[in-house]
Amino acid sequence: MNRKPMKQVLPTVAVLVVLAILAVTLLAGCAAGPSQVSKSGPQLWGENCARCHNVRPPASLNDAEWDLALMHMRTRAGLTTSETEKVGTFLKAAN
Amino acid sequence: MNRFAMSAAVLMLTITSTAAFAQTGVSPRNTVLVSGFGYANYIDPSEGPSNFAVGLNPVFLWQAQNDLFFEAELEFELEDGVTNTALEYAQAWWVAGNSLTFGAGKFLNPTNIFAERYHPTWINKLPNGPLGFTAHGGVQLTNTAHTGVQARGGIPIASGKFTYAVFLANGPAIHTEVLKAGPAKSGDPAAGAVGTLDFNGTEDNNDNKLVGGRFAVLPWSSLEIGYGFEAAKIGDMDSEFADVGTTTNSVDLIFNRDVNAIRGHLDIRGQYVNVAVDNPGIAPLDFDNNSSAWYSQLSYRPSKSGSPLVASFEGVFRYEELDLPEGAPVNADMTRLSFGLNRWFSPSTVFKLAYQKKTTRDEVEEDEDTVVTCQFAMGF
């Protein structure tokens, strides 16, 4: 398995740099602000549901539809069960 | 990894199905939601004929229990007088815990963030996807979807979040003959070139399973930084290329938030991917097979301008590069610049106008072509 060394070095360096940034931002960022687990439904909705696409207004789906859409979204968005439930309670109260 | 991977996969499926059977007695909820998206394009390239095109991607969501869920997306596309259909994804989910869900089936590749997050036309801010990350145009370096099993979740850490997704899948094969699998749907012959990965097969060509994962941190909700990897054997079993493996590494960055100073919403996203394929020293794969692609996209919407009309517009800029191995039979590198102007009619209804300039370079020549695309897209 003979590989050209230069082409291999660049990606490795890139990956290492990003890993270092990851570690630093994690430490710096996580220290500030309210803890993730204490966040409310509306706050979690505001923080998570506009990351990938425009926010759909709560009135756009009924309660049963929100349950399905949130099951679909929790895995994409990396939400925990309790976060998903909080967002669901908020959306179903506001629709 | 072989045997372990297989046993883990089987175990996971068994647990999932056992959980399903254990609960079939109770059915508190049994609902279906049909969502998805549709679009109509008008594409006018500087070379070749202009064209109208259309597509419909219905998404079906079905929940059997609180913790059991099924999602699927179909794709219907008109091409050359026929309607192409594809099963984009079809996956069963089991919520095993607060930070752990198991999925089995065909799923969008967690390490290709364009595929997993931005491919729907009502989400993508340009009419097409970046080179290298989709099957359309050039050589695709990272797969759109995998068939296999995955485990994923999010773990709160202080005020931020750590997310993970790990998976086992059939994985790609390698093209060892000219156009072994025929050109991909882009119609671009480069897509089937010797030494490139073949993502079209849904069945594995060997006993080895692809292992992959993506790990990300969100120190603030507006910033996400991720790292992804995939490793697999890609040669046909019992062939002289049986031991040829590939490793993919990728990094992605997503930043988006309202910025008062510029009275609007700023969205920056990008990903870099590198694919290294072993050199077995046997023709036709005896070259340094190392490819990479990256893109970065910046968009701005004056959502806080005070005028609803002004706020309904959005400007987009994207730059992409696709670098193919010098020794490969198809090795032209590509860069593409895109400018887009979007008019939003609702959160998921948009009219896009885009101008894209692509430059293709190999040892002998440089070629430039431009394309103007209009797209009307709707998510439902």
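Now for a quick tour of the structure. (Residues numbered from 1 in each chain as written. Chains lettered and ligands numbered in written order. Predicted model: local features only at pLDDT ≥ 70, side-chain atom pairs only at ≥ 80, totals over all residues. Heavy atoms only, no water.)

### A short note on the overall build of chain B
Turning to step 1, where the next piece is worked out: Within chain B, the regular secondary structure consists of three helices and 18 strands.
Turning to step 2, where the next piece is worked out: The proportion of buried residues among the 380 residues of chain B is 54%.
Turning to step 3, where the next piece is worked out: Relative to all contacts within chain B whose residues are 6 or more apart in sequence, the contacts with residues 24 or more apart total 57%.
Turning to step 4, where the next piece is worked out: When the accessible area of chain B is evaluated, it comes to approximately 15,700 Å², of which 62% is carbon and sulfur surface. (Helix = DSSP H or I, 4+ residues; strand = E, 2+ residues; numbered from the N terminus. Buried < 20%, exposed > 50% of the residue type's maximum accessible area, 1.4 Å probe, protein only. Contact = heavy atoms within 4.5 Å. Areas by Shrake-Rupley, 256 points an atom, 1.4 Å probe, with all protein chains shown as cover.)

### Quick look at the packing of helix α3 (residues 63–77) of chain A against helix α4 (residues 81–94) of chain A
Axis angle and axis distance: for two packed helices, these are the angle between their axes and the distance between the axes, and together they describe the pair.
Residue and element names in this part refer to chain A.
Turning to step 1, where the next piece is worked out: At a minimum axis distance of 10 Å, the contact between α3 and α4 shows a crossing angle of 150°. Compared by their axis directions, α3 and α4 come out roughly antiparallel. Handedness of the crossing formed by α3 with α4: right-handed. Where α3 abuts α4, its residues D63, W66, D67, L70 and R74 lie against T81, T84, V87, G88, L91 and K92.
Turning to step 2, where the next piece is worked out: Of the residues in the contact of α3 with α4, the class split is four nonpolar, three polar and four charged. (Axes fitted to C-alpha atoms, helices over the stretch in contact; angles between N-to-C directions. Parallel < 35°, antiparallel > 145°, perpendicular 65-115°, else oblique. Left-handed = near helix turned anticlockwise from the far one by under 90°. Nonpolar A, V, L, I, M, F, W, Y, C, P; charged D, E, K, R; others polar.)

### Focus: the interface of chain B and chain A
Turning to step 1, where the next piece is worked out: Contact residues are listed per partner, giving 65 residues for chain B and 48 residues for chain A.
Turning to step 2, where the next piece is worked out: In this assembly, chain B packs against chain A so that about 4,900 Å² is buried in total across both faces, 59% of it on carbon and sulfur atoms.
Turning to step 3, where the next piece is worked out: Put simply, chain B and chain A have two salt bridges between them.
Turning to step 4, where the next piece is worked out: E83 of chain A is the partner of K161 of chain B in a salt bridge, and the nearest nitrogen-oxygen pair spans 2.9 Å. (Buried area = accessible area lost by both parts, 1.4 Å probe. Salt bridge = Lys/Arg side-chain N within 4 Å of Asp/Glu carboxyl O.)

### Things to note about the pairing of strand β16 (residues 333–346) of chain B
All names here are of chain B.
Turning to step 1, where the next piece is worked out: Pairing of strand β15 (residues 313–323) with β16, which is carried by ten bridges, proceeds in the antiparallel orientation. Considered in β16, the bridge of F317 is made with F339.
Turning to step 2, where the next piece is worked out: As paired elements, β16 and strand β17 (residues 349–361) share 13 bridges and run antiparallel to each other. Following the sheet pairing, F339 is matched in β17 by Y355. (Pairing = 2+ DSSP bridges.)

### Brief notes about the nonpolar core
Turning to step 1, where the next piece is worked out: Counting residues in each nonpolar core, the largest one holds 31 residues, and the members touching the most others are Y118, L141, V277 and L322 of chain B.
Turning to step 2, where the next piece is worked out: Discounting residues that sit within four places of it in the chain, L322 of chain B has contacts with L131, G132, G138, V139, L141, S292, A293, D333 and M334 of chain B.
Turning to step 3, where the next piece is worked out: Among the nonpolar cores identified, the runner-up in size contains 19 residues, and W66 of chain A together with V59, Y89 and V95 of chain B belong to it. (Core = buried A, V, L, I, M, F, W, Y, C linked by side-chain atoms within 4.5 Å.)

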